[in-house]
Amino acid sequence: MDVEEPIDVKALQRRFPWVGIASIDEPDLASRYREIMAEARRDRMIVEAIDTVRRSA
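Sequence order sets the numbering: in each chain, residues are counted from 1 along the sequence as written. Restriction of local features to residues with pLDDT of at least 70 applies here, the model being predicted, together with a cutoff of 80 or more for giving and counting side-chain atom pairs; totals for whole chains, interfaces and linings are based on all residues. Side-chain descriptors were evaluated using all non-hydrogen atoms of the structure, hydrogens and water having been removed beforehand.

K.L.:
Looking at this structure, I do not really get the overall build of the chain. What am I missing?
P.N.:
The number of helices and strands found in the chain is 2 helices and 0 strands. For the chain, the computed accessible surface area is about 5,900 Å², with 59% contributed by carbon and sulfur atoms. Numbering goes from the N terminus for both helices and strands, where a helix is a DSSP run of H or I of at least four residues and a strand is a run of E of at least two. Accessible surface area values rest on a Shrake-Rupley calculation with a 1.4 Å probe, where residue burial reflects the displayed protein chains alone.

K.L.:
Whenever I open this one, the pattern of salt bridges confuses me. Can you help?
P.N.:
When charged atoms on two side chains of opposite charge get close, those side chains can pair. By definition here, a salt bridge exists when the distance from a side-chain nitrogen of Lys or Arg to a carboxyl oxygen of Asp or Glu is within 4 Å. Under the definition given, this model contains 3 salt bridges. Across the salt bridge formed by Arg 32 and Glu 35, the nearest N and O atoms sit 3.1 Å from each other. A residue pair is termed a helical-turn pair when its members lie 3 or 4 positions apart in one helix, as Arg 32 and Glu 35 do in helix α2 (residues 28–56) at 3 residues. For Arg 32, a relative accessible area of 38% puts it in the partly exposed group. Of the charged contacts, one joins Arg 42 and Asp 43 as a salt bridge, the two residues approaching to 3.0 Å between their closest N and O atoms. A network of salt bridges, in which partner residues are shared, links Arg 32, Glu 35 and Glu 39. Only protein chains enter the area calculation, which uses a 1.4 Å probe; residues under 20% of their type maximum are buried, those over 50% are exposed, and those in between are partly exposed.

K.L.:
Teacher, can you tell me more about a nonpolar patch on the surface here?
P.N.:
Only residues whose relative accessible area exceeds 30% and that form no salt bridge are eligible for patches; like-charged ones are grouped when within 9 Å, while nonpolar side chains (Val, Leu, Ile, Met, Phe, Trp, Tyr) are grouped when within 5 Å. Nonpolar side chains collect at one region of the surface, where Ile 7, Val 9 and Leu 12 lie side by side and expose about 280 Å² of accessible area between them. Topologically, Leu 12 is positioned in helix α1 (residues 9–15).

Below, the structure is given as structure tokens:
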């Protein structure tokens, strides 16, 4: 069984300065991605409805 060593956060931040800058709870990018996907799904449903009406006319 491997024994995990504790992570040296200070060394990690020196090497990768952006570590710890972003929120881990709900990143803005993830929130915006979900909004974009919801809009795309809604738009796709609208286009499908329009196509259905055109085909039946």
